[in-house]
Amino acid sequence: MEFVTYEQDGFVGIITINRPKALNALNSQVLEELDAAFSAVDLDKTRAVILTGAGEKSFVAGADIGEMSTLTKAEGEAFGKKGNDIFRKIETFPIPVIAAVNGFALGGGCEISMSCDIRICSENAVFGQPEVGLGITPGFGGTQRLARIVGVGMAKQLIYSARNIKAEEAKRIGLVNEVYPLEELLPAAKKLAGIIAANAPIAVRNCKKAINEGLDADMDDAIVIEEKLFGDCFETEDQKAGMGNFLEKDKEKKLKVVPFQNK
Ligand code: CAA
């Protein structure tokens with residue numbers, strides 16, 4: 001792949017968008033390579049994925065404006081679908097995905113970070129949906145996910161005004177969970193991914209599914225989704241070992257030794 005790299009670090013996969021000359025902007029090729037990179041993650045060996053950008057300036061500076069500039073209406077819609085399909089794949093990826101936002105996260109960059117489970121960023125990060133200044137709407141899920149994450153009023157203000165915000169403001173409005181000096185960002189992402197990876201993998205996957213699917217349902221249906229996924233954990237090696245270790249007061253063992261078991 002030309003623009004996306006993959007590194008395996010124990011149970012953690014690191015996917016890096018590597019097109020620094022264009023500040024990691026998302027053209028069709030980058031989107032296709034991202035799709036391929038997620039498809040290639042070995043889910044039997046990986047318990048969390050970190051998504052980041054190459055270089056020290058930009059996570060992703062948006063969809064590629066050069067590529068979009070000559071699109072017809074139909075081509076624009078198809079380009080939106082291309083981005084939405086891969087971002088939805090990230091959002092519903094079976095294991096947690098952490099966005100380590102190392103600089104500009106504008107337009108499609110903010111949108112791809114919002115398709116991840118957790119966002120942390122560097123002090124130089126800048127978030128925004130500048131699309132209306134370019135004569136378009138956000139097209140890779142921004143009109144939907146920003147409102148769900150920061151609330152409707154704040155999302156509308158940011159999108160209608162096309163105003164970019166810095167890391168601390170992004171934290172204040174709940175768009176990111178934590179801000180780090182740039183050099184500490186990837187270590188912090190790896191530490192968080194490692195903590196997640198040390199927990200019971202089936203349970204973590206089921207939590208992701210329960211939270212995501214429950215948010216799209218009303219409460220009566222949502223709690224049934226939870227009950228099903230809660231029940232699903234029983235009789236697994238994770239559950240037997242996790243509870244057994246607790247009852248035997250062997251907390252040292254915890255779950256670290258339990259390999260992932262496909263259901
Ligand atoms: N698409 C294509 N190329 C981009 C790009 C983008 N979104 N963002 C940056 N680049 C390119 C620049 O054209 C430039 O290339 P050249 O060196 O060949 O000229 C290179 O990256 C470096 O960029 P700048 O010289 O502009 O760097 P800067 O430090 O002066 O500014 C910036 C950085 C503020 C991020 C500025 O590049 C910028 O505003 N970029 C566009 C951001 C944007 O509007 N993103 C939203 C795109 S629309 C979208 O994403 C739609 C959607 O929802 C799907």
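Residues numbered from 1 in each chain as written. Predicted model: local features only at pLDDT ≥ 70, side-chain atom pairs only at ≥ 80, totals over all residues. Heavy atoms only, no water.

**Student:** How should I be thinking about the environment of D64 in this particular structure?
**Tutor:** When you line up the elements, D64 lands in the loop between β4 (58-60) and α2 (65-68). Sequence-wise, D64 and F140 are 76 residues apart; in three dimensions their C-alpha atoms are separated by 12 Å. Leaving out residues up to four positions away in the same chain, D64 has contacts with R19, A25, L26 and N27. A polar side-chain atom of D64 sits 2.9 Å from the main-chain amide nitrogen of E67. (Helix = DSSP H or I, 4+ residues; strand = E, 2+ residues; numbered from the N terminus. Contact = heavy atoms within 4.5 Å. Polar contact = N/O pair within 3.5 Å; in protein donor to acceptor, adjacent residues only side chain to side chain.)

**Student:** Is there a simple way to think about the sheet that holds strand β5 (residues 97-101) in this case?
**Tutor:** In sheet architecture, strand pairing relies on hydrogen bonds along the backbone and comes in two forms, parallel and antiparallel. Strand order in the open sheet made by the six strands is β1-β2-β3-β5-β7-β10, with mixed pairing throughout. Every other strand in the sheet has two partners, leaving β1 (4-9) and β10 (178-180) as the edge strands with one partner each. On average, each strand axis in the sheet is tilted by 20° relative to the strand beside it, whichever way the strands run. Looking at chain direction, β1 and strand β2 (residues 12-17) are connected through six bridges and run antiparallel. If you follow Q8 over to β2, its bridge partner there is G13. (Pairing = 2+ DSSP bridges. Axes fitted to C-alpha atoms, helices over the stretch in contact; angles between N-to-C directions.)

**Student:** Please clarify how the environment of F230 should be interpreted in this entry.
**Tutor:** For F230, the position within the fold is in helix α10 (residues 219-233). Since its relative accessible area comes to 55%, F230 is described here as exposed. (Buried < 20%, exposed > 50% of the residue type's maximum accessible area, 1.4 Å probe, protein only.)

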